[in-house]
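One-letter residues, chain by chain:
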Amino acid sequence: MIVPLTSAFTPRSHYDVCIVGAGPAGIALALALAARGRSVFLAEGGDREFTGRSQDCYEGTVVGDPYFPLGSARMRFLGGTSNHWGGWCRTLDRHDFLPKAACERAQWPIRLDDLAPYEAESRRVLEITAPKPDSMLPGSTTLKQVYFSQSPPTRFGTRYAADLERAEGIDLCLNCNFTGLRTGDETIRAAVFRNYDRVERVVAASAFVLACGCLESIRFLLHENRRLNGGLGNQGGAVGRYWMEHPTFGLGEFFLYPNFLGGGPFDNADLDPHGSVNRRWFVAPTSDFMTRTSILNCGVRLEPVMRDDLHRFVADLVCGSPGVLQPLLAGLGKDVRCAGHLHAAWEEEPKAENRVTLDTGTDAFGIPRIVLHWTKSALDRRTPREMALAVARYFAQQDLGRVRLLPWLLDDSQPWPTDDELAGYHHMGGTRMAARPADGVVDADCRVFGTPNLFIAGSSVFPAGGHANPTQTIVQLALRLADHLHDTLSTPVSTAEPASDASR
Amino acid sequence: MRQTRPPRPSGFPSPTRRSVLLGIAGTALTLALPMPPAFAGFARPSGTTRLVEGWVLRADDPVPPAHGRGAAGR
């Protein structure tokens, strides 16, 4: 059932699992648990639709490099940030899970094979088909062409509202804002929720999951550590640290000669000009190339200019560097049939200094707002430069076309552009997964170190981000967590209990 | 009468006689060659590239040497 938190609502006396947050992770997890017969309390701080009073809880401050306002970089109502998601889907690469020459810290304690069993189910949840398999670019030993799937995109709140309403085991409570945990004997006994009129309910469960989005899960864990004098996954001091994005910037322009269109790797016929994802070609490095050049993962996007604008675009390119392009085009006697922009989104180095801290101001529920400290490093600039040079050399060496790279990319003394995409709205890390408490916040099962029945679902557990958009990995992790919880909960599958005042 | 500077082109730059002839010859050559059923390789692979005004070019690209600065090949 779906019910607002009012004085008329009474939760069951006990649930198998209490999930904080009804976005992609929380909803996928709740439905998977209910399908196994588990009882689930699913708390959504917002309403069915956007409200300003809910969204205000997401306001915060950014310190460091330019970044988006935190109040608009995510959504706080049923369905969470899927409500303004673009729908890009891709699983992480096998080498994303392994230690890197450029940064040993950028590794997971699990492997791709641990998530692979959940790939098909994640596609069903996200309403996508499997993408074309990656393939090496012809004539290259360093670059591969990679593919994404395109979700409608799935708005989890509307797409799964009927399923949530129907599921006997799920109580989805709206306007139900998490305000704290109640502990005992190193375990969590209950979670406390409040609506906007200060009506409060206490929910008891066997296991608790923070699934409220990367920054919000960090905020709650930081606040609970302050309130409960530490101990919640912060043995290594990692709560809030190693936060990551996918830096996303334009790298240059390219043009292609006509004789390689039609059957080649960059064929206009392969593009869907009306789609949001597949109107581009994507190139990524092999793991050998990443090791040799000491970079992290990087997805280069070749975005063709549409046919109607092609001549003007090429003319502007020629005017911009006539000494190079006029003799090049005239001397080769070649027409240009395709030209466009080179962009990239890449894996950011996980750094302890990139972190979330608590501010002095609080939201409507007395929980401190956040300060996000985000600065890009030398490695964060080397990664796109090495990849862009590799792509440009490939174009030239194979006589496929030519690429011009932007000055900031080739000259470290120039500042980062400030009028570009900046990042992907992909919040990752802050409660990173690790093999031991000294290195992270949750273990390989997403369990908070030191607290046997507290878990985190969502991209805050990512210890390394690859270049792929994170949503499919978030859903894979949530489905895996559902299996783990179902298998390890000591209580047998429960039946729906009558309402009780005991939990008030 | 003072000659005014030609306007900025709105499409491709005006072709020279040489580039038109080369273009016709290139097109004729392309049309004369059989189209491969699938992508089968490239015309003239070359391992050396150089960096000119941000452009990553081949060593044999017809760009005046004065424009060259730095090498992009490794």
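Being a predicted model, the structure only gives us computed values, none of them experimental.

*Asks:* Please explain the overall build of chain B as it appears in this structure.
*Replies:* Helix and strand counts for chain B come out as one helix and two strands. Starting at the N terminus and walking to the C terminus, you meet the elements of chain B as α-β-β. Looking at chain B residue by residue over its 74 residues, the buried ones come to 23%. Restricting the contact set of chain B to residue pairs at least 6 apart, pairs at least 24 apart contribute 3%. Only carbon and sulfur atoms are counted for the fraction: they give 62% of the accessible area of chain B, which is about 5700 Å².

*Asks:* Please explain the overall build of chain A as it appears in this structure.
*Replies:* Scanning chain A for helices and strands turns up 13 helices and 21 strands. In terms of overall size, chain A behaves like a compact globule, its C-alpha atoms giving a radius of gyration of 24 Å where 504 residues would be expected to give roughly 23 Å. In terms of its C-alpha atoms, chain A occupies a principal-axis envelope of roughly 85 × 40 × 40 Å. Burial status across chain A gives 64% buried among its 504 residues. Taking contacts inside chain A between residues at least 6 apart in sequence as the whole, the part at least 24 apart equals 75%. Surface exposure of chain A reaches about 17700 Å², of which carbon and sulfur atoms provide 49%. Mean positive and mean negative side-chain charge positions of chain A (51 and 58 charges, respectively) differ by 1 Å.

*Asks:* How do you make sense of the pattern of salt bridges when you look at a structure like this?
*Replies:* Working definition: two side chains of opposite charge can pair if their charged atoms are close together. Residue and element names in this part refer to chain A. The tally for this structure, following the rule as stated, stands at 33 salt bridges over all chains. Residues Asp483 and Arg36 are paired through a salt bridge, measuring 2.4 Å at the closest nitrogen-oxygen approach. A residue pair is termed long-range when its members are at least 10 positions apart, and Asp483 in helix α13 (residues 471-488) and Arg36 in the loop between α1 (24-35) and β3 (40-43) qualify at 447 residues. Given a relative accessible area of 31%, Arg36 falls into the partly exposed group. For Arg480, the salt bridge identified is with Asp445, shortest N-O distance 4.0 Å. Of this pair, Arg480 sits in helix α13 while Asp445 sits in the loop between β20 (422-423) and β21 (454-456), and the two are 35 residues apart along the sequence. Of the residues examined, Arg480 reaches a relative accessible area of 14% and is grouped as buried. One salt-bridge network, in which partners are shared between bridges, spans Arg76, Glu216, Arg219 and Asp363.

*Asks:* Quick question: what am I supposed to make of the sheet that holds strand β17 (residues 355-362) of chain A here?
*Replies:* Strand-to-strand pairing in sheets goes through backbone hydrogen bonds, with the strands running parallel or antiparallel. All names here are of chain A. With respect to topology, three strands assemble into an open sheet ordered β4-β18-β17, the strand pairing being mixed. Because the sheet does not close on itself, it has two edges, and the strands there are β4 (60-64) and β17. Between one strand axis and the next, the sheet turns by 30° as a mean value, whatever way the strands run. Against the sheet, helix α7 (residues 214-227) makes contact with β17 and β18 (368-374), and its axis sits at roughly 70° relative to β17, the strand it touches most.

*Asks:* Which parts of the structure should I look at to understand the confidence of the model for chain A?
*Replies:* One rule of thumb: low pLDDT means the predicted coordinates there are not for detailed reading. For chain A, the average pLDDT comes to 92, and 95% of its residues sit at 70 or higher. This model gives residues 495-504 of chain A a pLDDT under 50, and the stretch forms 16 contacts once residues within four places in sequence are excluded.

*Asks:* Can you walk me through the side chain of Lys100 of chain A in this structure?
*Replies:* Residues and elements named next belong to chain A. Relative to the helices and strands, Lys100 is located in the loop between β5 (88-89) and α3 (112-115). Buried charged residue Lys100 carries no salt bridge. Nearest counter-charge: Glu347, at 4.2 Å. Aside from chain neighbours lying at most four places away, what touches Lys100 is His95, Ala106, Met290, Leu296 and Glu347.

*Asks:* Would you mind going over the confidence of the model for chain B with me for this structure?
*Replies:* Residues and elements named next belong to chain B. Counting all residues, the mean pLDDT for chain B is 56, and 22% of those residues have values of 70 or more. Confidence scores differ between elements of chain B, with helix α1 (residues 17-32) showing the lowest mean pLDDT of 55 and strand β2 (residues 55-58) the highest of 91. Below a pLDDT of 50 lies the segment residues 29-43, which in the model reaches 16 contacts outside its immediate sequence neighbourhood of four places, other chains included. Note that pLDDT drops below 50 for residues 66-74; the model gives that stretch 21 contacts with residues more than four away or on any other chain. Both confidence scores are given for the complex: pTM 0.88, ipTM 0.86.

*Asks:* What am I meant to see in the packing of α1 of chain A against α13 of chain A here?
*Replies:* For any two helices packed against each other, one specifies the crossing angle of their axes together with the interaxial distance. Residue and element names in this part refer to chain A. Look at α1 against α13: their axes get within 8 Å of each other, and the N-to-C directions meet at 35°. Two packed elements cross with a definite hand, and for α1 against α13 that hand is right-handed. From α1, Ala25, Ala28, Leu29, Ala32 and Leu33 reach across to α13, where they touch Ile474, Val475, Ala478, Leu479, Leu481, Ala482, Leu485 and His486. Broken down by class, the residue content of the contact of α1 with α13 amounts to 12 nonpolar, one polar and no charged.

*Asks:* Sorry, what's going on with the packing of helix α4 (residues 119-126) of chain A against α13 of chain A here?
*Replies:* Residue and element names in this part refer to chain A. Two numbers describe how α4 lies on α13: the axes approach to 9 Å, and their chain directions differ by 115°. The crossing of α4 and α13 is right-handed. Counting all contacts with α4, which are made through Glu119, Glu121, Ser122, Arg123, Val125 and Leu126, the residues of α13 involved are Thr471, Gln472, Val475, Gln476 and Leu479.

*Asks:* What exactly am I supposed to notice about the packing of aromatic side chains here?
*Replies:* Given two aromatic rings, one states the distance between the centres and the angle between the planes to describe the pair. Residues and elements named next belong to chain A. Tallied over the entire structure, the rule returns 27 aromatic pairs over all chains. With 5.9 Å between their ring centres and 85° between their planes, Tyr67 and Trp243 make a pair best called edge-to-face. Taken together, the positions of Tyr67 in the loop between β4 and β5 and Trp243 in the loop between α7 and β13 (247-256) put the pair 176 residues apart, joining distant regions of the chain. Three or more aromatic residues joined by ring pairs make a cluster, and in this case those are Phe9, Tyr15, Phe41, Phe178, Phe193 and Phe220.

*Asks:* What am I meant to see in α4 of chain A here?
*Replies:* Note that an α-helix has 3.6 residues per turn; residues three or four places apart therefore point the same way. Residues and elements named next belong to chain A. Along α4, the residues that are buried comprise Ser122, Val125 and Leu126. Buried residues along α4 cover an arc of 90° about the axis, so they all sit on one side. Summarising the contacts, the buried residues of α4 are in contact with β5, α5 (156-159) and α13. The first or second residue beyond α4 is Glu127, which carries a positive phi of 60°.

*Asks:* Looking at this structure, how should I read the nonpolar core?
*Replies:* The tendency in soluble globular proteins is for nonpolar side chains to be buried side by side. All names here are of chain A. In terms of nonpolar packing, the biggest core is built from 146 residues, with Ile19, Phe41, Phe193, Val209, Phe266 and Phe395 touching the most fellow members. Residue contributions to this core peak at nine residues, all from helix α11 (residues 378-397). If near-sequence neighbours (up to four positions away) are discounted, Val209 is found in contact with Val17, Cys18, Ile19, Val20, Leu29, Phe455, Ile456, Ala457, Leu481 and Leu485. Listed in part, the 18 residues of the second largest apolar core include Tyr257, Val305, Leu325 and Leu329.

Thresholds applied
Residues numbered from 1 in each chain as written. Chains lettered and ligands numbered in written order. Predicted model: local features only at pLDDT ≥ 70, side-chain atom pairs only at ≥ 80, totals over all residues. Heavy atoms only, no water. Helix = DSSP H or I, 4+ residues; strand = E, 2+ residues; numbered from the N terminus. Buried < 20%, exposed > 50% of the residue type's maximum accessible area, 1.4 Å probe, protein only. Contact = heavy atoms within 4.5 Å. Areas by Shrake-Rupley, 256 points an atom, 1.4 Å probe, with all protein chains shown as cover. Rg over C-alpha atoms; globule rule 2.2 N^0.38 Å. Lys, Arg positive; Asp, Glu negative; His and termini not counted. Charge placed at Lys NZ, Arg CZ, Asp CG, Glu CD. Salt bridge = Lys/Arg side-chain N within 4 Å of Asp/Glu carboxyl O. Pairing = 2+ DSSP bridges. Axes fitted to C-alpha atoms, helices over the stretch in contact; angles between N-to-C directions. pLDDT = per-residue confidence, 0-100. Left-handed = near helix turned anticlockwise from the far one by under 90°. Nonpolar A, V, L, I, M, F, W, Y, C, P; charged D, E, K, R; others polar. Phe/Tyr/Trp six-rings, centres within 6.5 Å; stacked < 30°, edge-to-face > 60°. Arc of directions from axis to C-beta. Core = buried A, V, L, I, M, F, W, Y, C linked by side-chain atoms within 4.5 Å.

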